[in-house]
Amino acid sequence: MDGKLVVLTCGGGNGAHCLAGLSAMRPKIESRVLTLYSDEAERWAVELDSGLLITVRNDDGSKSLIKTKPSMVTKDPQNAVPGANYIFFVVPAFAHAQYFEAIAPYIEDNTVIVGLPSHAGFEFECADLLGEKANACTIVAFESLPFVCRLIEFGKNVEILGFKDTLGASTLKGKRCNVTQSVLELPQYIFGDRPKVRRVQNYITTILMAKFIVHPSLMYGKWSQWDGRPLSEKPLFYQGIDKRQAELLSGVSDECVATAKAIEKMVPGLDMSDVIHVFDWYLNYYGDQISDKSNLMTAMRTNKAYDGLDHPMKEIEPGKYVPDFTYRYLSEDVPMGIVPMKGIAELAGVSTPYLDEVITWCQSKLNKEFLVGNKLTGKDLKDTRAPQKYDYKLEDLFSGNLNSFRY
Ligand code: NAI
């Protein structure tokens, strides 16, 4: 990389602390933070001079400490955005729109906008809210966060519990964007050795291969026949998967693969082979950590990476738990996950009985209406990032640059 680059991190949570801190420790980066939520900017700015401590848990159980210091934390986009070369969105997907609206007046040509993670429909939202300005940008969509992390003390101390080995990212370049360098080099420079950033074929692949099918499918499988009585302990989320849940998840995954294959036939020259079945994905990504690879259910039940992870539950009185349907497994992974997936399948003419069944139950828990029968015509489609919300047709999604989007 030539010269010093300005990296702006949007957000003030676990991931934002890590990214802003890791960026700040790289000599060729000026690291800024924009956080719009509540009084986060003021609270973090007070701590800025003392620096940020990142504790990294290594694979062998030891810990490394990184002392670092972003150069600016603000809630004012007018201070943060001008001059930014890369703008990372490191917030839950429901907060993306707010950040797009805040940066829109100040964003400069040739900015790289990065969803870390992007969640489904990030590109649609970007084009919709930045308008013509999106044409002069490149959008990078990461499939997840590079690490598992949690804040220990706001503005002061954050912990990275583990890094992924590889992380997929797709890119979409606006027709007026003149960025010539490889836009995945900078994120790799910030992450360091791990994870290795892997370019994914196209942004629709990133949506169809994403793992947000797991949470809604497992929630539906677990709780749709629940009798409403509180449980005395929290059930395991992944390792507690039963046959029915595995069958549902596998069915949804089959529909994603079928959608990718249908699109490949409809769009000449397009390679969607990165969209693979969720069972194959588990074997590829967690191979060493799975002790029984017989089928999807056993692979998830015996995946060490999932040790101790339980269902999102609310304790209604001491020792009595009920499922928390407001948690991001539904509130994020349905409108910015499986609903856009369904939308793409619908545009490709692929029928999705499993996905429809899961969405129908999830939307009732969210008190929303996205799907009516098997069509995305519900009154709350505006709260999702399905292509139908923006009136896109299949051909609009694949022209290779942003100008195909409606402005
Ligand atoms: P987080 O839960 O720490 O995010 C909280 C932050 O979001 C707040 O500090 C605030 O800046 C912002 N926020 C919260 N409510 C808001 C509101 N009403 N309006 C505007 N902003 C609001 O998120 P985290 O953990 O950093 O995760 C970011 C994304 O990465 C999420 O999509 C998460 O699902 C995903 N992810 C997180 C992992 C982790 O280990 N933390 C691992 C894998 C994915």
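Shown above is the structure to which this text applies.
Remarks on the site of the ligand
Part 1: Around the ligand, the surrounding shell holds 19 residues, and the nearest of these are Asn14, Gly15, Glu40, Cys149 and Arg328.
Part 2: Bound to the protein, the ligand loses 78% of the 830 Å² it would expose on its own.
Part 3: Put simply, the parts of the chain that give the shell around the ligand at least two residues each are α1 (14-24) and β9 (147-153).
Part 4: At 3 residues, β9 tops the list of elements feeding residues into the shell around the ligand.
Part 5: The class makeup of the residues in the shell around the ligand is 9 nonpolar, 7 polar and 3 charged.

Description of the pairing of strand β1 (residues 5-10)
Part 1: Taking burial as the measure, the 6 residues of β1 include 6 buried ones, the bulk of the element.
Part 2: Of the two faces of β1, both are covered, the one formed by Leu5, Val7 and Thr9 as well as the one formed by Val6, Leu8 and Cys10.
Part 3: Direction of pairing for β1 relative to strand β2 (residues 29-34): parallel, over a ladder of 6 bridges. Bridge pairing in β2 places Val6 opposite Glu30.
Part 4: The parallel pair β1 and β2 is bridged by α1, and the resulting crossover is right-handed.
Part 5: Note: β1 against strand β6 (residues 86-89), 4 bridges, orientation parallel. Within β6, the position partnered with Leu8 by the bridge is Ile87.

Focus: helix α13 (residues 334-347)
Part 1: Counted at 1.5 Å a residue, the expected span for α13 with its 14 residues is 20 Å, and the 18 Å between its end C-alpha atoms agrees.
Part 2: All of the buried residues along α13 are Val334, Pro335, Met336, Gly337, Ile338, Val339, Pro340, Met341, Lys342, Gly343, Ile344 and Ala345.
Part 3: On its buried face, α13 is in contact with α7 (203-208), α8 (214-223), α9 (243-266), α12 (328-331) and α14 (353-365).
Part 4: Among the residues trailing α13, Gly349 stands out with phi positive, at a value near 75°.

Some words on the sheet that holds strand β11 (residues 166-173)
Each strand in a sheet pairs with its neighbour through backbone hydrogen bonds, running either in the same direction (parallel) or in the opposite one (antiparallel).
Part 1: With mixed pairing, 8 strands are arranged side by side in an open sheet as β5-β2-β1-β6-β7-β8-β11-β12. Of all the strands in the sheet, the pair left with one neighbour each is β5 (72-74) and β12 (196-199). Direction aside, the axes of adjacent strands within the sheet are offset by 25° on average.
Part 2: In the sheet, β11 pairs with β12 via 4 bridges, with the strands oriented parallel. Its bridge partner lying in β12, Gly168 is registered against Arg198.

Regarding the pattern of salt bridges
Part 1: Tallied over the entire structure, the rule returns 19 salt bridges.
Part 2: A salt bridge links Glu132 to Arg176, with the shortest nitrogen-to-oxygen separation between them at 3.0 Å. One end of the pair, Glu132, is in the loop between α5 (122-130) and β8 (138-142); the other, Arg176, is in the loop between β11 and α6 (185-191), with 44 residues separating them in the sequence.
Part 3: Among the salt bridges present, the one from Lys379 reaches Asp380, with a minimum N-O distance of 3.1 Å.
Part 4: Relative accessible area serves as the criterion here: at 61%, Lys379 is assigned to the exposed category.
Part 5: Residue Asp380 is classed as buried on the basis of its relative accessible area, which comes to 7%.

What counts, and where the lines are drawn
- Residues numbered from 1 in each chain as written.
- Predicted model: local features only at pLDDT ≥ 70, side-chain atom pairs only at ≥ 80, totals over all residues.
- Heavy atoms only, no water.
- Near = heavy atom within 4 Å.
- Areas by Shrake-Rupley, 256 points an atom, 1.4 Å probe, with all protein chains shown as cover.
- Helix = DSSP H or I, 4+ residues; strand = E, 2+ residues; numbered from the N terminus.
- Nonpolar A, V, L, I, M, F, W, Y, C, P; charged D, E, K, R; others polar.
- Buried < 20%, exposed > 50% of the residue type's maximum accessible area, 1.4 Å probe, protein only.
- Pairing = 2+ DSSP bridges.
- Right-handed = clockwise from strand over helix to strand, strands pointing away.
- Expected span 1.5 Å × (residues − 1).
- Contact = heavy atoms within 4.5 Å.
- Axes fitted to C-alpha atoms, helices over the stretch in contact; angles between N-to-C directions.
- Salt bridge = Lys/Arg side-chain N within 4 Å of Asp/Glu carboxyl O.

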